[in-house]
Amino acid sequence: MGDKSAIQWTDATWNPTTGCDRVSPGCAHCYALDLAARLQKMGVAGYERDGDPRTSGPGFGLTLHPDRLGIPLAWTRPRRIFVDSMSDLFHADVPDGFLMAVWKTMHDAPWHTFQVLTKRPERMAEWVARWVDVEGETNDPDRDRDPAAVRIAHPSGRGQLFADMLTQMGPPPAGFTYPRFAWLRYADGALPNVWLGTSVENARFKSRIESLRWTPAAVRFLSCEPLLGPLGELDLDGISWVIAGGESGSAHRPLDLGWVREIRDQCVEAGVAFFFKQVGGRTPKSGGRELDGRTWDEFPAPTERPASPSPAGQRAAFGRRRQWGGLAAMSRLAHASEAGR
Ligand code: SF4
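Throughout what follows, the structure given in this document is the object of discussion. Owing to the predicted nature of the structure, the values given are computational and were not obtained by experimental measurement.

Conventions adopted
Residues numbered from 1 in each chain as written. Predicted model: local features only at pLDDT ≥ 70, side-chain atom pairs only at ≥ 80, totals over all residues. Near = placed C-beta within 6 Å. Nonpolar A, V, L, I, M, F, W, Y, C, P; charged D, E, K, R; others polar. Helix = DSSP H or I, 4+ residues; strand = E, 2+ residues; numbered from the N terminus. Pairing = 2+ DSSP bridges. Axes fitted to C-alpha atoms, helices over the stretch in contact; angles between N-to-C directions. Buried ≥ 20, exposed ≤ 12 C-beta atoms within 10 Å, placed from the backbone.

## Here's the deal with the site of the ligand
The immediate surroundings of the ligand are formed by Cys 20, Arg 22, Val 23, Cys 27, Cys 30, Ala 32, Leu 33, Ser 87, Asp 88 and Lys 119. Here the shell around the ligand is composed, by residue class, of 6 nonpolar, 1 polar and 3 charged.

Shown next, in the form of structure tokens:
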């Protein structure tokens, strides 16, 4: 994780969770799974928990990192941030309330663009449907409601998720209040600075595109990487961006450039941005990045993005990050920042 990334289609990575379990053939040589084992051996914090050896591995047990929730708030220069390069945010073991805390960070840092990529788009569709449900909401000036009271005062999907988050945080320490939330900041639904994507490695998993298509999002994208077979005809309605690429590593499965051309041609015809990451091979650079004599580095049209925070906002963001150190501290931080308003 860091504020720089070698992944060509992003600027930085942020991992509020780490660890995962394999779900489909694209996971067979998961780089994150291998890297987690190495990081555990090196004693890097965050990789202590082992996953199920049948589907995961050493250091790759699903782990929540509430102490990392505030990190993007400290990055004041706008950047594209790949969320959970070492995990899958919509893994079944990530509680709804924790997802709300991640969404709240993205909501509170509108100067960044967050790229969320999952192989579990069915859960993402269900969760985001709750987030966009603000029926009956008003911006509530009350500042001090416990989860049970929030559940009654805010019966919308978003309100219930906020209550889930408060439950996850635990009760505030003496002298502090519960945080409040700008319920209707994005009343019309999806956060404009959050791109949602799903992986499609072969034709069998094209059904994931349907789940994604029905998920409210400013930008929906596909990652066809590692591409393991021809995808055939694609319905790109509602999709703004497609990434394709081959696998790298000693056991890489070779890429047929014909599969990539078929995707690219459909993107060109549909006016969808296309990004070709790599041919693949023993190393990520082995096969280069060209397709038919050129590179393909297209991105979706920029969504309207607020400017970087003001100096006062930057100071507040930094303060937030320093105090954010675990669920109890996260709770203190939210309460403290609330008290200071
Ligand atoms: S879903 Fe992603 S992070 Fe999880 S095992 Fe598969 S490739 Fe790795």
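From this point, things continue past the structure.
## Points about unusual backbone geometry
Working note: non-glycine residues mostly have negative phi, and peptide bonds are mostly trans. Note that the residue after Glu 225, namely Pro 226, is joined by a cis bond; omega there is 0 degrees. Of note, Asp 84 is a non-glycine position whose phi angle comes to about 65 degrees, a positive value. Along the chain, Asp 84 turns up in the loop between strand E4 (80-83) and helix H3 (96-108). Residues other than glycine seldom take positive phi values, yet Asp 292 does so here, at roughly 55 degrees. Inspection of the secondary structure puts Asp 292 in the loop between strand E9 (273-276) and helix H9 (311-323).

## Some remarks on the sheet that holds strand E5 (residues 113-118)
Pairing in this open sheet of 7 strands is parallel, and the strands run E1-E4-E5-E6-E7-E8-E9 from one edge to the other. Two strands close off the open sheet at either side, each with one partner strand: strand E1 (12-14) and E9. Across this sheet, the average inter-strand angle for adjacent strands is 25 degrees, counted without regard to direction. Two elements, E5 and strand E6 (residues 194-199), share 5 bridges in a ladder whose sense is parallel. The residue bridging Thr 118 from the neighbouring strand is Thr 198, located in E6.

## Overview of the environment of Thr 138
Looking at the secondary structure, you find Thr 138 in the loop between helix H4 (121-132) and helix H5 (147-153). Residue classification places Thr 138 among the exposed residues on the basis of 10 C-beta atoms within 10 Å. Taking C-alpha positions, Thr 138 is 6.9 Å from Trp 183, a pair spaced 45 residues apart along the chain.

Function cannot be inferred from these measures alone, as they are strictly geometric.
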